[in-house]
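In case you want the letters, here they are:
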Amino acid sequence: MGKNNRKGPSEECLILPTHPRHMVAPIVDTHTHLVSTFSAYKQKYKDGKYKTVYEFARGLYQGKNVSALVDVWCEAPVQRVWKEIADSAVAQGDRKEKWGDLEYWCSSGHTGRHEAKFYTSDVEKDILEAMAHPRNVGWGEIGLDYHYDNSPRDVQRDVFSRQLRHAVRLGKPITVHTREADEDTERILKAEVPKDHKIHVHCFTDLPDFGQRLLDHFPNLYIGITGVITFSSNENTSNLVRQMFTQSPSPRIILETDAPYMVPANIYGSLPTVKGRLPLSHTAMIPWTAEFVATIAGEGWDVERVLELGKINAYNVYSV
């Protein structure tokens with residue numbers, strides 16, 4: 001593999017060992033940013049082994065029981081490369097050549113985490129085009145981010161509502177990004193979205209009471225769990241998940257990475273020779289998130305059972 005001229009783990013460290021308690025359950029990543037992850041890889045390892053996003057995915061996921069992923073596009077203007085990548089997964093022969101045994105799916109939207117003020121009719125037209133693609137399974141991520149406040153909050157709210165109306169009209173599952181915007185997110189969702197619509201609240205880190213109110217109101221709403229649940233600085237996600245597992249034998253959680261962000265903190269116990277922190281996360285890390293969830297869930301839960309639950313719930317939301 002290519003040389004890494006900067007300090008930190010070598011490229012080989014991204015090829016993970018099999019989780020010691022992951023046997024056969026398939027991994028379904030309901031939220032990743034594959035092109036951004038590949039870009040982060042190329043930036044870190046300029047002479048790296050993988051020259052295309054397809055090689056990257058096959059190289060890191062082969063033999064890891066990675067079954068499917070949902071690649072999320074949420075920039076404005078829309079990156080036109082989305083179509084080339086989605087097209088590669090349409091025909092069975094092309095899909096096998098490019099992706100191996102991995103099922104590639106995608107979703108499109110525009111979130112307030114980025115520049116909502118750049119959401120225009122042209123951007124919306126591009127997103128609507130993406131909705132018609134046979135590999136598209138949802139609208140998102142979309143929502144409000146009052147932590148970064150990259151755009152005025154009234155603009156964020158307007159753009160969020162506008163996209164929700166389109167998603168409802170088209171019957172598309174909705175991927176919601178919300179951060180420090182509990183009141184407005186809840187109010188807008190309840191105003192714009194029918195109670196039975198499919199919703200994925202991505203990378204939940206807000207107050208558990210907020211998450212519970214959404215779960216109570218929307219029977220087809222699921223809470224997305226990323227590696228951030230393993231962070232000692234984040235108790236909200238663990239508290240909500242613990243609460244959900246006490247309420248139901250099949251809690252409405254789905255597993256995701258939000259790659260290239262949020263490497264699970266507990267992964268380093270399986271990587272004793274790695275010096276420093278991994279530069280990016282990727283889909284094959286999900287078993288470590290599942291392990292952490294299993295410890296919260298309590299007796300009778302293990303990595304395999306959490307992964308199976310994640311697969312079932314991913315199908316319930318996105319039919320993947």
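The structure this text deals with has already been given above.
For clarity, every value in this text was computed on a predicted model and none was experimentally measured.

**A few points about the environment of Ala167**
With respect to the helices and strands, the residue Ala167 is situated in helix H6 (residues 153–170). Each residue touching Ala167, except ones within four places of it in the same chain, is listed here: Trp139, Lys172, Ile174 and His197.

**So, the packing of helix H10 (residues 286–297) against helix H11 (residues 303–318)**
It is the contact of H10 with H11, at a shortest axis distance of 8 Å, that shows an interaxial angle of 110°. In terms of orientation, H10 lies roughly perpendicular with respect to H11. In this structure, H10 uses Ile286, Pro287, Ala290, Glu291, Val293 and Ala294 to contact H11, whose residues at the interface are Val303, Val306 and Leu307.

**Points about the layout of surface pockets**
In this model, the largest pocket occupies a volume close to 300 Å³. Contributing to the lining of the largest pocket are 14 residues, with His177, Arg179, Cys203, Asp258 and Met262 lying nearest its centre. Contributing elements (two or more residues each) for the lining of the largest pocket: strand E4 (136–145) and strand E5 (174–179). In terms of residues, the lining of the largest pocket owes the most to one element, E5, which gives three residues.

**Considerations on unusual backbone geometry**
Following Gly140, the chain continues to Glu141 via a peptide bond in cis, the omega torsion being 15°. The omega torsion of the bond from Ala259 to Pro260 falls at 15°, within 30 degrees of zero and hence cis. The residue Pro260 is located in the loop between strand E8 (253–255) and H10 in this model. A positive phi angle, close to 65°, is found at Asn65, a residue other than glycine. We note that Ser319 has phi near 60°; this positive angle belongs to a residue other than glycine. In this structure, Ser319 sits in the segment after H11.

**Let's talk about the pattern of salt bridges**
Enumeration according to the criterion identifies 14 salt bridges in this entry. In this structure, Arg165 engages Glu192 in a salt bridge whose closest nitrogen and oxygen atoms are separated by 3.0 Å. With a gap of 27 residues between them, Arg165 in helix H6 and Glu192 in helix H7 (residues 182–192) connect regions that are remote in the sequence. What makes Arg165 partly exposed here is its relative accessible area of 47%. Using a relative accessible area of 21% as the deciding quantity, one classes Glu192 as partly exposed.

**A short note on the nonpolar core**
One recurring pattern in soluble globular proteins is that nonpolar side chains are buried together. Within the largest apolar cluster, 88 residues are counted, with the highest numbers of intra-cluster contacts made by Tyr61, Trp99, Tyr104, Ile223, Ile267 and Leu278. Sort the elements by how many residues they give to this core and H10 lands first, with seven residues.

**Considering H10**
The end-to-end C-alpha distance of H10, which contains twelve residues, comes to 16 Å, matching closely the 16 Å that a straight helix rising 1.5 Å per residue would cover. For H10, the tally of buried residues reaches ten of twelve residues, placing the bulk of the element in the interior. Buried within H10 are the following residues: Ile286, Pro287, Trp288, Thr289, Ala290, Glu291, Val293, Ala294, Ile296 and Ala297. Lining the buried residues of H10 we find strand E1 (27–32), strand E7 (221–225), helix H9 (236–247), E8 and H11. Backbone geometry just after H10 places Gly298 at a positive phi near 100°.

Each value, and the rule that gives it
Residues numbered from 1 in each chain as written. Predicted model: local features only at pLDDT ≥ 70, side-chain atom pairs only at ≥ 80, totals over all residues. Heavy atoms only, no water. Helix = DSSP H or I, 4+ residues; strand = E, 2+ residues; numbered from the N terminus. Contact = heavy atoms within 4.5 Å. Axes fitted to C-alpha atoms, helices over the stretch in contact; angles between N-to-C directions. Parallel < 35°, antiparallel > 145°, perpendicular 65-115°, else oblique. 1 Å grid on protein atoms, 1.4 Å probe; cavity = no way out; pocket = protein on both sides within 12 Å on 5 of 7 lines; lining within 4 Å. Points joined across faces, edges and corners; volume = space filled by probe spheres on them. Salt bridge = Lys/Arg side-chain N within 4 Å of Asp/Glu carboxyl O. Buried < 20%, exposed > 50% of the residue type's maximum accessible area, 1.4 Å probe, protein only. Core = buried A, V, L, I, M, F, W, Y, C linked by side-chain atoms within 4.5 Å. Expected span 1.5 Å × (residues − 1).

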